[in-house]
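As a plain string of letters, each chain reads:
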Amino acid sequence: MAYTTLQTPRGTKDFLPRDARRKRWMEDTLLGLFGLWNYGEIITPTMEYHDAVCAGGATGLADNLYRFFEKEGELIALKPDATTPVARVVASRLKDEPKPIRLCYSTNVFRYGETHAQRRREFYQIGVELVGQGGYIADAEIIALAVQALQAVGLRDFRIDIGHVDYYDGILQHSTLSHNERRQIRGALLKKDYVALSQMLNSSGLDPAQRRLLKLLPDLRGGEDTLDEALDLATNPVSKKAVTDLIAIYNALKAYGLDGWVQVDLGMIKDIQYYTGMVLEAYTSEMGFTLGTGGRYDNLISQFGYQCPATGFALGVDRVMLALSRQGSWPPEGAVPVLCGINGHDLQLGWQVAETIRQKGHRVEMDVAIRDREELTEYAKAIGFDWVILPISPGKLRYWHIDKGWQEGELAKLLDLLGGGENYG
């Protein structure tokens, strides 16, 4: 495929200033929220040894890695997810820490694959890992924090779907299906190709009860009643235990007052293979793909030589940003942009006024072209600034707003008009 030096590689993107500000604000907001829950930030390298990110095949991401050799001959890979490097750190450096360990991160990850439906090859994840604690209360904390994270950035009309990998696995646990047949059935559920699923099941050697339940999986979605139905339909102890785990988690979320944001989905199948229990996905009605994903992964850390339960979630930063834009949910930019002219070439006065306004949390662009008042007005319009100022003397200036025209007054009055700063501007 032909490309030019003006393009980015497939599956990557540039963040222009407005989106970069929004991305930074979202990351700061969420890392701040995670900190309030006592999750400490961890930063892992962009590249890892190939064997580490494969984790003994537990991730299922080996076919999607970006690989390269170092000059010393070691096989290196760009990290395809954030959880596996965290598992490595826990096993190598944190295993003697008091449990549970709460960690959070914001990072870019890399997966080779087809680019469609917001599926990129370089994308950004922000999330948490609760390490060293099993049980439904830990899982409920992860789901509750996922709900609060989406609320914190202002997203409306979203839901968190929860399921359990053992409900599906329990159905096939004692079947005579070949590895290839299991892979095809899993693939059909993952792609939500229910026509292919039905055809495969009809030609399989599964007994009628197993076939019926697998065909019903996509319909086992909804509220609390879905859990009762799934429990009645389960034909094996593994699937029944999965439902009782979800009932306990759901009841905890009810106690937190967050069950209204949560829906049960027993047909949820994950493409990453290290999940061992509760799984979750975040959705919004504006988009037909997930905003985030997560769940329990009790065996991943053992791939690094240390058995330790864990649970967590990650949000796709790019996808949440898109959802906020489609819902029109971005908060207003608190930092008002101001263009500061240099009246009479008085650099010191212009600098002092600009610094005073910056200290209030507003963005100030100094006019390095030394434009006159009319030229400043035209330039401000061109770059989307509503406020232009020309210092006259310390504490006094001329200022212009697109709706008010030029006025003269005290700097303190202008600061009152600008209001509070900061936010993501």
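Look up: the structure comes first, before these words.
Residues numbered from 1 in each chain as written. Predicted model: local features only at pLDDT ≥ 70, side-chain atom pairs only at ≥ 80, totals over all residues. Heavy atoms only, no water.

### Overview of the sheet that holds strand 16 (residues 396–401)
What counts is decided by this rule: The pairing criterion is simple: DSSP has to find at least two bridges between the two strands. Helix numbering and strand numbering both begin at the N terminus, where a helix is a DSSP run of H or I of at least 4 residues and a strand a DSSP run of E of at least 2. Helix axes are fitted only over the stretch in contact, all axes being lines through C-alpha atoms; the angle between N-to-C directions runs from 0 to 180 degrees. In what follows, residue pairs with any heavy atoms lying within 4.5 Å of each other are defined as contacts.
Strand order in the open sheet made by the five strands is 14-13-15-16-17, with mixed pairing throughout. The outermost strands of the open sheet, each flanked by one partner alone, are strand 14 (364–366) and strand 17 (405–410). Direction aside, neighbouring strands of the sheet carry axes that sit 25° apart on average. Two elements, strand 13 (residues 338–340) and strand 14, share three bridges in a ladder whose sense is parallel. Of the residues in strand 14, the one forming a bridge with Cys340 is Met366. On the sheet, helix 13 (residues 373–383) packs against strand 13, strand 14, strand 15 (387–393), strand 16 and strand 17 and is oriented at approximately 150° with respect to strand 15.

### Considerations on the side chain of His164
Cut-off, in case you're wondering: Whenever two N or O atoms come within 3.5 Å, that pair is a polar contact, provided that in protein one can donate a hydrogen and the other can accept it, and provided that, for residues adjacent in sequence, both atoms are side-chain atoms.
Structurally, His164 is set in strand 7 (residues 158–164). Of note is the side chain of His164, whose polar atom sits 3.4 Å from the side chain of Asp245. Among all residues touching His164, those that are not within four sequence positions of it are Ala242, Asp245, Leu246, Thr276, Gly277, Met278 and Val279.

### Re the side chain of Thr377
With respect to the secondary-structure elements, Thr377 resides in helix 13. Side-chain polar atoms of Thr377 contact the side chain of Trp406, separated by 3.5 Å. The contacts of Thr377, once residues within four sequence positions are left out, are Trp400 and Trp406.

### Regarding the packing of helix 4 (residues 136–152) against helix 10 (residues 237–256)
The criterion, for reference: Oblique is the label for every angle not falling under 35 degrees (roughly parallel), over 145 degrees (roughly antiparallel), or within 65 to 115 degrees (roughly perpendicular). We call a crossing left-handed when the near helix sits turned anticlockwise from the far one by less than a right angle, and right-handed when that turn is clockwise.
Between helix 4 and helix 10, the shortest axis-to-axis distance is 9 Å and the interhelical angle comes to 55°. The pairing of helix 4 with helix 10 is recorded here as oblique in orientation. Crossing hand, helix 4 versus helix 10: right-handed. Contacts from Tyr136, Ile137, Asp139, Ala140, Ile143 and Ala144 in helix 4 reach Asp245, Ala248, Ile249, Ala252, Leu253 and Tyr256 in helix 10.

### Things to note about helix 10
To keep it simple, the criterion reads: To estimate the expected span of a helix, subtract one from its residue number and multiply by 1.5 Å.
Between its first and last C-alpha atoms helix 10 spans 29 Å; for 20 residues at 1.5 Å apiece the expected length is 28 Å, and the two agree. Looking at where helix 10 begins, the residue whose side-chain oxygen comes 3.1 Å from the main-chain nitrogen of Val238 is Asn236. The first or second residue beyond helix 10 is Gly257, which carries a positive phi of 75°.

### A look at the environment of Gly222
With respect to the element layout, Gly222 can be found in strand 8 (residues 221–222). Separated by 148 residues in sequence, Gly222 and Ile370 have C-alpha atoms that sit 63 Å apart. The residues contacting Gly222, other than those within four sequence positions of it, are Gln263 and Val264.

### Some details on the pairing of strand 5 (residues 101–110)
Which entries qualify depends on this criterion: Throughout, exposure labels follow a simple rule: accessible area from a 1.4 Å probe, protein chains only, divided by the maximum for the residue type, with under 20% read as buried, over 50% as exposed, and the rest as partly exposed.
Across the 10 residues that make up strand 5, a large majority, eight, are buried. Across two bridges, strand 1 (residues 40–41) lies against strand 5 in parallel orientation. Looking at the pairing, Glu41 lines up with Cys104 of strand 5. As paired elements, strand 5 and strand 6 (residues 122–131) share 10 bridges and run antiparallel to each other. From the neighbouring strand, Ile101 faces strand 6, where its bridge partner is Val131.

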